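Next come the chains, spelled out residue by residue.
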Amino acid sequence: MSSISIETNNEKQLTVEEYVRYIRIREQIQQILDNANIKETMHEAEDSINGLTIDLTVKYSVSRKKT
């Protein structure tokens with residue numbers, strides 16, 4: 001069965017102001033996925049081919065050089 005998972009790496013590197021913006025971005029991405037009926041589309045695709053499984057991972061990662 002299809003799944004959508006979210007992974008986050010190194011969000012602790014963000015300042016408070018950046019973290020607030022980051023949370024808003026995550027909410028916007030979630031809205032896009034919900035509005036586009038991604039989960040339903042994935043489920044329909046899986047039903048069309050016996051044994052097909054679709055997994056979608058949204059990965060957020062902050063990689064900064066320490067100064």
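Before any of the text, the structure's been laid out above.
Residues numbered from 1 in each chain as written. Predicted model: local features only at pLDDT ≥ 70, side-chain atom pairs only at ≥ 80, totals over all residues. Heavy atoms only, no water.

A few points about unusual backbone geometry
Phi at Asn-10 is positive, roughly 60 degrees, even though this residue is not glycine. The phi torsion at Asn-37 lies on the positive side, around 55 degrees, for a residue other than glycine.

Re the side chain of Ser-2
Note that Ser-2 resides in the segment before β1 (3-9). Judged by its relative accessible area of 5%, Ser-2 falls in the buried class. Beyond its immediate stretch of four places on either side in the chain, Ser-2 contacts Lys-39, Met-42, His-43, Glu-46, Ile-54 and Asp-55. (Helix = DSSP H or I, 4+ residues; strand = E, 2+ residues; numbered from the N terminus. Buried < 20%, exposed > 50% of the residue type's maximum accessible area, 1.4 Å probe, protein only. Contact = heavy atoms within 4.5 Å.)

Focus: the nonpolar core
Counting residues in hydrophobic clusters, the biggest one holds 6 residues: Leu-14, Tyr-22, Leu-33, Val-58, Tyr-60 and Val-62. Listed by contribution, the elements that provide at least two residues to this core are α1 (16-35) and β2 (55-61). For Tyr-60, the contacting residues outside a window of four places in its chain are Ile-6, Glu-7, Thr-8, Asn-9, Tyr-22, Arg-26 and Ile-29. (Core = buried A, V, L, I, M, F, W, Y, C linked by side-chain atoms within 4.5 Å.)

A look at α1
Its 20 residues place the ends of α1 29 Å apart at the C-alpha level, agreeing with the 28 Å of an ideal helix rising 1.5 Å per residue. Phi turns positive, to about 55 degrees, at Asn-37, one or two residues after α1. (Expected span 1.5 Å × (residues − 1).)

Brief notes about the side chain of Glu-46
With respect to the secondary-structure elements, Glu-46 resides in helix α2 (residues 38-48). Among buried Asp, Glu, Lys and Arg side chains, Glu-46 stands out as unpaired, with Lys-39 the closest opposite charge at 7.7 Å. Among all residues touching Glu-46, those that are not within four sequence positions of it are Met-1, Ser-2, Leu-52, Thr-53 and Ile-54. (Lys, Arg positive; Asp, Glu negative; His and termini not counted. Salt bridge = Lys/Arg side-chain N within 4 Å of Asp/Glu carboxyl O.)

As for the packing of aromatic side chains
Enumeration according to the criterion identifies 2 aromatic pairs in this entry. Ring geometry for Tyr-19 versus Tyr-22: centroids 5.8 Å apart, planes at 40 degrees, classification tilted. Taken together, the residues Tyr-19 and Tyr-22, both in helix α1 and 3 residues apart, mark about one turn of the helix. Judged by its relative accessible area of 33%, Tyr-19 is partly exposed. Members of the aromatic cluster, connected to one another through ring pairs, are Tyr-19, Tyr-22 and Tyr-60. (Phe/Tyr/Trp six-rings, centres within 6.5 Å; stacked < 30°, edge-to-face > 60°.)

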